[in-house]
Amino acid sequence: KEVLQTIGYFDKKFFCYFEDNDLCIRAKKYGFGVYYIPKSTIWHKISKSSNSSIKIYYLTRNRIYFESKNATFLQKISFGLFFTKDLVTFLIKSLFKLQFLEIKFFFKGIKEGLSLS
């Protein structure tokens, strides 16, 4: 309770994907510890939160927003290089498989991720 009162709650801009990472980064910035407990288990009532196109959209959008919100200048440069590599790889695979809807959602995620930044 003390941690959440100090750092704030989940950033609603994320909606899904990366919101927990953002919370951990903020906790560390305020001096709280972040721990991994390998024996812990989280059970989801439904294990699939979205179809592949929507998942691509939110992962892309939130990945960009997360980096713009939390990364240092050098981390942003590194992210840009790796993201460019991922972009090219994704486009080649998607075009080869003729997955045009996924390409559309990928670019929509990029556009909205940049607009949140």
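Every value quoted in this text rests on a predicted model; they were computed, and no experiment measured them.

Visitor: Quick one: what's the story with the side chain of Asn 70, residue by residue and with numbers?
Guide: Take Asn 70: it is sitting in helix 3 (residues 52-70). Beyond its immediate stretch of four places on either side in the chain, Asn 70 contacts Asp 22, Ile 25, Lys 29 and Gln 75.

Visitor: Just give me the short version of the packing of aromatic side chains, but keep the residues and values in it.
Guide: In the structure shown here, the tally under the stated rule is eight aromatic pairs. On the basis of an interplanar angle of 65° and a centroid distance of 4.7 Å, the ring pair of Tyr 57 and Tyr 58 is categorised as edge-to-face. Residue Tyr 57 is classed as buried on the basis of its relative accessible area, which comes to 8%. For Tyr 58, a relative accessible area of 18% gives the class buried. Ring geometry for Phe 83 and Phe 106: centres 6.0 Å apart, planes at 5°, overall stacked. Of this pair, Phe 83 sits in helix 4 (residues 73-96) while Phe 106 sits in helix 5 (residues 100-116), and the two are 23 residues apart along the sequence. Given the relative accessible area of 10%, Phe 83 is considered buried. Owing to a relative accessible area of 6%, Phe 106 belongs among the buried residues under this scheme. Within the aromatic cluster, the residues linked to one another by ring pairs are Phe 79, Phe 83, Phe 90, Phe 106 and Phe 107. It is Lys 108 that lies over the ring of Tyr 57; its NZ or CZ is 5.2 Å from the centre.

Visitor: Explain the side chain of Ser 53 to me, and be specific about the residues and the numbers.
Guide: Turning to its location among the elements, Ser 53 is positioned in helix 3. According to the relative accessible area criterion, Ser 53 is buried, its value standing at 7%. Discounting chain neighbours no more than four positions away, the residues touching Ser 53 are Leu 101, Glu 102 and Phe 105.

Visitor: Mind laying out the packing of helix 2 (residues 19-29) against helix 3, listing which residues take part and the relevant values?
Guide: The interhelical angle for the contact between helix 2 and helix 3, taken along N-to-C directions, is 10°, at an axis separation of 11 Å. Comparing their axes, helix 3 and helix 2 come out roughly parallel. Contacts between helix 2 and helix 3 involve Asn 21, Asp 22, Ile 25, Arg 26 and Lys 29 from the first element and Phe 66, Lys 69 and Asn 70 from the second. Taken together, the residues that form the contact of helix 2 with helix 3 break down as two nonpolar, two polar and four charged.

Quick notes on the rules
Residues numbered from 1 in each chain as written. Predicted model: local features only at pLDDT ≥ 70, side-chain atom pairs only at ≥ 80, totals over all residues. Heavy atoms only, no water. Helix = DSSP H or I, 4+ residues; strand = E, 2+ residues; numbered from the N terminus. Contact = heavy atoms within 4.5 Å. Phe/Tyr/Trp six-rings, centres within 6.5 Å; stacked < 30°, edge-to-face > 60°. Buried < 20%, exposed > 50% of the residue type's maximum accessible area, 1.4 Å probe, protein only. Lys NZ or Arg CZ within 6 Å of the ring centre and 35° of its normal. Axes fitted to C-alpha atoms, helices over the stretch in contact; angles between N-to-C directions. Parallel < 35°, antiparallel > 145°, perpendicular 65-115°, else oblique. Nonpolar A, V, L, I, M, F, W, Y, C, P; charged D, E, K, R; others polar.

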